[in-house]
Amino acid sequence: MSLQMVSSVSNSSLLQPGFSLLNFDGHVYFFGQKGWPKRSCPTGVFLLDIKQNELKMKPAVFSKDSCYLPPLRYPAICAYRGDTESDNHRYIIHGGKTPNNDLSDKIYIMSLISKSGKKSTFKCIEKDLAGDVPEARYGHTINVVQSRGKSMSVIFGGRSYVPLGQRTTEKWNSVVDCSPSVFLVDFEFGCCTSYILPELQDGLSFHVSVARNDTIYILGGHSLQNNIRAPSLYKLKVDLPLGSPAVTCTILPGGISVSSAVVTQTGDTEFVLVGGYQSENQKRLVCNTLILEDNKIEIVERESPLWTPDIKHCRMWFGCDMGNGSVLLGIPGDNKQMISDANYFYILRCREAEEDEEEELTAQTCNQTSTEDPGDSTPFEDSEEFCFSAEANSFDVDDTYNEDDEEDESETGYWITCCAHCNVDVNTWVPFYSTELNKPAMILCSSGDGHWVHAQCMDLSETMLLRLSQANVKYFCNEHVDLNKGLQTPKKVGQLKKQPMKPLRKKKAMKLSPVKKSFLRRLFE
């Protein structure tokens, strides 16, 4: 086993505990960044290119028919290949935490559909499930078993939030162990079935699971209810006949007390267990080899690498399987780096030296973009790559993208503070309107030289937002709408035309007959 350090210069804050790595034909991709994706990589999926002790993160793209995939930390992930040899290599992603600390209950299937030069294109599909659908959770595992020519996924363990009816203000984000049920997921029909097994009494999270054919071995894990890391070892056997599936569980001796460990496969039947914790404040520096054959598991201790003093003395560490017998490990940078949340990273290779040399030769053959870019490669819109290097001057900064050179979207662009009551934060924002994907909807206020505001902060309904975007009218934000009314010049009102008054007609004198005149004289005398 060999340990190689990859020191980060900048942007390592994206890699935090809970990230995941996907290996497609020897190419490793990073998923599950801290915070919501920015303009530099809206998908949140990066290709990890490691050359000469440098780690470069190159943004990947999704096909047009892909669904939206949020950055999920601590999800359950496993590789999956269909029942036929022609099926492409895929990954199943279930659950996990979003940057808002919401838990996901969705299940996604990711496949790499093309890779040319620097551009990697993925297709992501959200799978609809029915039946006993597992609740939203994190820190659990998912494996694929094969029996009688059929395959199914098995979900077990994890943590979830306290049910809404039991949550209080003080303990709103309190988590509990999920019930120790075993879920079988049939992707062909989208059906889920849960099984309650008497051997599984306590919920487990951050355990290890390895599968071979129709058998899954569950090792270690942490129980919140008892606050212990029991040296448990369970054997799940799944039978898939023509009728209903059958699931059995057997408790085996010789387990290991560990949680949050990483498992990487080094051979057809051989796995290596690395890292994790054996108690609340004690890391597990011992490594083990897991051998799965003849329907049994053998766990033997193996020689550990020469851990550096930084690894030995740090309180926490984290990592993920890179595939091909390699593990990416991270430890906190503390105050040794200028960036407070930056981390140190190491690559642990668990294969023998001869196998590592063959792997390096294969990687060099597959990746010919180490020193110069192909002329016909398609550039990315906003950025090409994030760089991690052992030394700041070990590469030409002008030829490599640095996130610090990009416009700070927390102060400009979509992530501005548009008003005094703005509640849009790049790290906590979630889509509000149906038209939003990974950026908040904005509208131009016509006051003065004009400025952009978030439609959500202006309390605009989706119907009104669509009308304003389609109509050719000026819009004024909540702060300027009253001011705009006060500054408007009143419309000129034309003078009212006065109708000339008609002159009064003189009354004509009454003509009296001589008889009437004589009568009137006599009356007044």
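Residues numbered from 1 in each chain as written. Predicted model: local features only at pLDDT ≥ 70, side-chain atom pairs only at ≥ 80, totals over all residues. Heavy atoms only, no water.

Looking at an unreviewed UniProt entry, one finds the protein named V(D)J recombination-activating protein 2, with Eudromia elegans as its source organism. What the UniProt record of the protein gives under Subcellular location (unreviewed entry) is the line "Nucleus". What the UniProt record of the protein gives under Sequence similarities (unreviewed entry) is the line "Belongs to the RAG2 family." (UniProt positions renumbered as here; feature names shortened; annotations may be inferred.)

Caption draft 1: Molecular detail of the sheet that holds strand 10 (residues 119–127). With respect to topology, five strands assemble into an open sheet ordered 6-10-9-8-7, the strand pairing being mixed. Whereas interior strands pair on both sides, the edge strands pair on one side only; in this sheet they are strand 6 (61–62) and strand 7 (76–81). As paired strands, strand 7 and strand 8 (residues 89–94) are joined by six bridges and run antiparallel to one another. What sits directly across from Ala76, in strand 8, is His94. (Pairing = 2+ DSSP bridges. Helix = DSSP H or I, 4+ residues; strand = E, 2+ residues; numbered from the N terminus.)

Caption draft 2: Representation of the sheet that holds strand 23 (residues 270–274). Reading across the sheet, the four strands line up as 22-23-26-27 and stay open at both edges, with antiparallel pairing between neighbours. Of all strands in the sheet, those with a lone pairing partner are strand 22 (262–265) and strand 27 (296–302), marking the two edges. Neighbour-to-neighbour, the strand axes of this sheet turn through a mean angle of 25 degrees, independent of strand direction. The sheet contact formed by strand 26 (residues 287–293) and strand 27 spans seven bridges and is antiparallel. Paired with Ile291 across the strands is Glu298, a residue of strand 27. (Axes fitted to C-alpha atoms, helices over the stretch in contact; angles between N-to-C directions.)

Caption draft 3: Inspection of a nonpolar patch on the surface at higher detail. A cluster of nonpolar side chains, contributed by Phe519, Leu520, Leu523 and Phe524, occupies part of the molecular surface with about 480 Å² of accessible area. Relative to the helices and strands, Phe524 is located in helix 5 (residues 514–524). (Patch = residues over 30% accessible without salt bridge, like charges linked within 9 Å, V, L, I, M, F, W, Y side chains within 5 Å. Areas by Shrake-Rupley, 256 points an atom, 1.4 Å probe, with all protein chains shown as cover. Salt bridge = Lys/Arg side-chain N within 4 Å of Asp/Glu carboxyl O.)

Caption draft 4: Broad picture of the packing of aromatic side chains. Scanning the entire structure with this criterion turns up 13 aromatic pairs. Relative to Phe46, the ring of Phe30 lies with its centre 6.1 Å away and its plane at 40 degrees, an arrangement referred to as tilted. In this pair, Phe30 is assigned in strand 3 (residues 27–31) and Phe46 in strand 4 (residues 45–51), connecting sequence segments 16 residues apart. Arranged with centres 6.1 Å apart and planes meeting at 55 degrees, the rings of Tyr74 and Tyr138 form a pair that is tilted. Within this pair, whereas Tyr74 is found in the loop between strand 6 and strand 7, its partner Tyr138 is found in the loop between strand 11 (130–131) and strand 12 (141–147), the two being separated by 64 residues in sequence. Given a relative accessible area of 27%, Tyr74 falls into the partly exposed group. (Phe/Tyr/Trp six-rings, centres within 6.5 Å; stacked < 30°, edge-to-face > 60°. Buried < 20%, exposed > 50% of the residue type's maximum accessible area, 1.4 Å probe, protein only.)

Caption draft 5: A look at the side chain of His89. Structurally, His89 is set in strand 8. A polar contact is formed between the side chain of His89 and the backbone oxygen of Asn23, at a distance of 3.3 Å. In this structure, His89 is in contact with Asn23, Phe24, Ala79, Tyr80, Arg81 and Ser111, ignoring residues within four places of it in sequence. (Polar contact = N/O pair within 3.5 Å; in protein donor to acceptor, adjacent residues only side chain to side chain. Contact = heavy atoms within 4.5 Å.)

Caption draft 6: Focus on the confidence of the model for the protein. Taken residue by residue, the protein gives an average pLDDT of 79. The fraction at 70 or more is 77%. Taken element by element, the predicted model of the protein shows its lowest mean pLDDT in strand 31 (residues 386–388) (38) and its highest in strand 19 (residues 215–219) (95). Low pLDDT, under 50, characterises residues 335–340; the predicted model gives this stretch ten contacts beyond four residues in sequence or across chains. (pLDDT = per-residue confidence, 0-100.)

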